[in-house]
Amino acid sequence: MTATATNASTATTAGPPLRQAWPDSSVFLQIRVLTARSLRSMATDPGVVLFGLLQPVIILFVLTQVFSKMGAPPHFPAGITYLDFVLSAVLVDNAVQSAVQSGVGLVDDLKNGVVARLRSLPITPSSLLIARSLANLVRSAVQAAVILVLAFGVLGYAPDGGAADVAASVGLTLFMSWSLGWAFIAAGAWLRRAEPMQNLAVIAILPLMFASSAYMPVKDLPDWLAAVAGGNPLTYAIDATRALALGIPGSDAIVPALVIGGVIAAAGSALAVLGFRRPMQ
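Now for a quick tour of the structure. Along each chain, residues carry numbers from 1 onward, in the same order as the chain's sequence is written. For a predicted model such as this one, the threshold for reporting local features is a pLDDT of at least 70, and the threshold for listing and counting side-chain atom pairs is 80 or more; totals across whole chains, interfaces and linings nevertheless cover every residue. By convention in this description, side-chain values take in all heavy atoms of the structure and omit both hydrogens and water.

**Focus on the side chain of R242**
In step 1: Structurally, R242 can be placed in helix α10 (residues 233-246).
In step 2: We call a residue buried when its accessible area falls under 20% of the maximum for its residue type, exposed when it is over 50%, and partly exposed in between, using a 1.4 Å probe and counting protein chains only. Charged-residue counts in this description rest on Lys and Arg as positive and Asp and Glu as negative, His and the chain ends being excluded. When a carboxyl oxygen of Asp or Glu lies within 4 Å of a side-chain nitrogen of Lys or Arg, that pair is called a salt bridge. D239 is the oppositely charged side chain nearest to the buried, salt-bridge-free R242, at an N-O distance of 4.0 Å. In this text, helices come from DSSP runs of H or I with a minimum length of four residues, and strands from runs of E with a minimum of two, each type numbered from the N-terminal end.

**Side note on the nonpolar core**
In step 1: Nine residue types can take part in a nonpolar core, namely buried Ala, Val, Leu, Ile, Met, Phe, Trp, Tyr and Cys, and a core is a set of them joined through side-chain atoms within 4.5 Å. Counting residues in hydrophobic clusters, the biggest one holds 40 residues, and the most contacted among them are L87, Y157, M209, Y215 and L234.
In step 2: Counting residues per element, the ones that place at least two in this core are α3 (46-67), α4 (82-111), α6 (125-153), α7 (163-191), α8 (194-210) and α10.
In step 3: It is α4 that contributes the most residues to this core, 14 residues altogether.
In step 4: With near-sequence residues (within four places) excluded, L234 lies in contact with V92, V96, L180, L208 and M209.
In step 5: In terms of nonpolar packing, the next biggest core, distinct from the first, is built from 17 residues, L118, I123, L128 and F276 among them. We call two residues in contact whenever any of their non-hydrogen atoms come within 4.5 Å of each other.

**Remarks on the side chain of S179**
In step 1: Of note, S179 is situated in helix α7.
In step 2: Accessibility expressed as a relative area gives 0% for S179, which makes it buried.
In step 3: In contact with S179, not counting residues within four places along its chain, are G261, G262, I264 and A265.

**Concerning the packing of aromatic side chains**
In step 1: Only rings of Phe, Tyr and Trp enter the pairing, Trp through its six-membered ring, and a pair is recorded when the two centres are within 6.5 Å. The plane angle decides the type: under 30 degrees is stacked, over 60 is edge-to-face, the rest tilted. Tallied over the entire structure, the rule returns six aromatic pairs.
In step 2: Among the aromatic residues, those joined into a ring-pair cluster are F76, Y82 and F85.

**A word on the pattern of salt bridges**
In step 1: Applying the stated rule across the entire model yields two salt bridges.
In step 2: Salt-bridge contacts for D109 lead to R37; the nearest nitrogen and oxygen are separated by 3.1 Å. Placement of the pair is D109 in helix α4 and R37 in helix α2 (residues 27-43), with a sequence separation of 72 residues.
In step 3: D109 is the partner of R132 in a salt bridge, and the nearest nitrogen-oxygen pair spans 2.6 Å. Taken as a pair, R132 in helix α6 and D109 in helix α4 lie far apart in primary sequence, 23 residues in all.
In step 4: Given a relative accessible area of 9%, R132 falls into the buried group.
In step 5: Its relative accessible area of 5% is what places D109 among the buried residues.
In step 6: Through salt bridges with shared partners, one network takes in R37, D109 and R132.

Pasting the structure below:
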């Protein structure tokens with residue numbers, strides 16, 4: 001009887017579960033702290049910073065300097081330079097590359113024990129995934145800013161859309177980066193290995209970029225490739241960002257691009273949470 005009373009007293013004084021013992025640790029606070037942690041991790045790694053900034057710069061200069069010497073295809077927009085035409089593709093390509101890194105970053109956290117330590121704390125599991133997606137968004141924004149500074153200041157980029165339209169174009173690009181980031185976060189949560197993630201990235205990015213309107217108008221592609229490009233989600237994103245920045249036809253792709261991005265983000269986040277909740281191996 002005494003032992004029972006003691007046990008009851010202990011249970012009473014033990015208080016609420018550990019998750020309730022941190023009343024100030026809201027999901028928003030967790031996301032903010034974990035996002036700051038991911039950003040610090042990227043900023044303090046010289047390799048990540050250097051290669052993260054060099055990659056979009058190299059792509060920008062290679063594409064504009066090599067392909068600008070080619071003759072314009074029949075359906076190329078009149079009065080548009082190749083730099084103007086391809087810059088939207090460079091921004092979208094950078095968005096995709098950034099999205100891949102969000103999945104790679106999650107794999108690194110799973111392998112180095114960070115996730116295992118965080119799981120021992122009263123933290124909502126999805127907050128780590130959201131923080132990873134937001135860190136990817138910041139990374140993509142910084143890279144896009146570098147691309148635009150070089151395009152305007154060095155290469156003479158002069159879009160006709162105006163500052164507001166260029167800002168809207170970049171905003172759509174960042175939205176696509178955030179959306180695709182969820183797809184790669186989901187892949188990282190399920191694969192949990194860096195090598196398959198990198199192979200998946202190569203298999204996904206190269207066909208998606210080249211079988212699109214990135215480097216020449218869809219009507220100038222071979223028939224079979226034009227058919228593939230017509231159903232490629234990146235074609236809608238590139239056409240929409242290009243139309244906004246340059247003030248050319250193609251704004252009808254904006255809504256499909258937003259819808260496709262939203263579907264990818266919703267499906268990716270759901271799959272990411274399911275994969276993340278699997279037991280650690």
